[in-house]
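Chain by chain, the residues:
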Amino acid sequence: VYVAPGHENLLSRMRALFTGWTVDGERPVERVFTRKAAAAIHLDNPNSGDLIVFLREGYTSGNRLREGKVSSSPNTLGAHGYLAMHPSMHGIYLALGPGIRRGTAGTVQNPEVAGRVARWLGIEKPRSAP
């Protein structure tokens, strides 16, 4: 959520509205961060919103937030807007090819992928990659 300059005083009220909102007795919003507080989850980029809203699993957003509990095949292949701590939000990491050992890599953080691929290709990793 972006707030027009000069209207920053609305942030605390908007945060309270999001966190207190209910649909059929349930709260669709799991967490709301200010940009500054989002540093704790590495989302304090200057392009991040003034408020960053994370939905609970089972809810989706579009033009408006709505209940989205799946009762049939979803019409999308994926979505964002959820905290990555939930196992259902973890992605699949698969690497195949010469020089890649068979086995499991365990949990791999997204920023690690570029460095791994660079090593396999024998090229310099991106400067910001771990």
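A quick note: this is a predicted structure, and the numbers were derived from the prediction, not measured.

Judged by nonpolar contacts, Val3, Leu11, Val29, Val32, Leu51, Leu55, Tyr59 and Tyr82 together constitute the single largest core of 8 residues. Elements with a minimum of two residues in this core: β1 (29-34) and β2 (51-55). Judged by nonpolar contacts, the second largest core, of 5 residues, contains Phe33, Ala38, Ile52 and Phe54.

Another aspect to go through is the pairing of β2. Of all 5 residues making up β2, 4 are buried, and the element is well covered by its neighbours. Two strands pair when backbone bridges link them, and β1 and β2 are joined in this way by 5 bridges, in the antiparallel orientation. Bridge assignment links Val29 to a residue of β2, and that residue is Leu55.

Inspection of the entire model under this criterion finds 1 aromatic pair. Seen from their ring centres, Phe33 and Phe54 are 5.9 Å apart, and the 90° between their planes marks the pair as edge-to-face. Highlighted residues: Phe33 in strand β1 and Phe54 in strand β2, separated in sequence by 21 residues.

The calculated volume of the largest pocket comes to roughly 1,000 Å³. Together, 27 residues line the largest pocket, and Tyr93, Gly106, Thr107, Val108 and Gln109 are the ones closest to its centre. Its residues placed into classes, the lining of the largest pocket shows 13 nonpolar, 10 polar and 4 charged.

Under the defined criterion, the tally for this structure stands at 2 salt bridges. Here Asp50 ties to Arg35 by a salt bridge, and the two come within 3.4 Å at their closest N and O atoms. One end of the pair, Asp50, is in the loop between β1 and β2; the other, Arg35, is in the loop between β1 and β2, and 15 residues separate them in sequence.

Here the focus is the environment of Ala4. Along the polypeptide, Ala4 turns up in the segment before α1 (11-20). Distance in space between the C-alpha atoms of Ala4 and Asp50 is 9.5 Å, their sequence separation being 46 residues.

Attention now moves to unusual backbone geometry. The phi angle at Asp24 is positive, at roughly 50°, despite the residue not being glycine. Among the secondary structure elements, Asp24 is positioned in the loop between α1 and β1. Residue classification places Asp24 among the exposed residues on the basis of a relative accessible area of 70%.

Cut-offs applied
- Residues numbered from 1 in each chain as written.
- Predicted model: local features only at pLDDT ≥ 70, side-chain atom pairs only at ≥ 80, totals over all residues.
- Heavy atoms only, no water.
- Core = buried A, V, L, I, M, F, W, Y, C linked by side-chain atoms within 4.5 Å.
- Buried < 20%, exposed > 50% of the residue type's maximum accessible area, 1.4 Å probe, protein only.
- Helix = DSSP H or I, 4+ residues; strand = E, 2+ residues; numbered from the N terminus.
- Pairing = 2+ DSSP bridges.
- Phe/Tyr/Trp six-rings, centres within 6.5 Å; stacked < 30°, edge-to-face > 60°.
- 1 Å grid on protein atoms, 1.4 Å probe; cavity = no way out; pocket = protein on both sides within 12 Å on 5 of 7 lines; lining within 4 Å.
- Points joined across faces, edges and corners; volume = space filled by probe spheres on them.
- Nonpolar A, V, L, I, M, F, W, Y, C, P; charged D, E, K, R; others polar.
- Salt bridge = Lys/Arg side-chain N within 4 Å of Asp/Glu carboxyl O.

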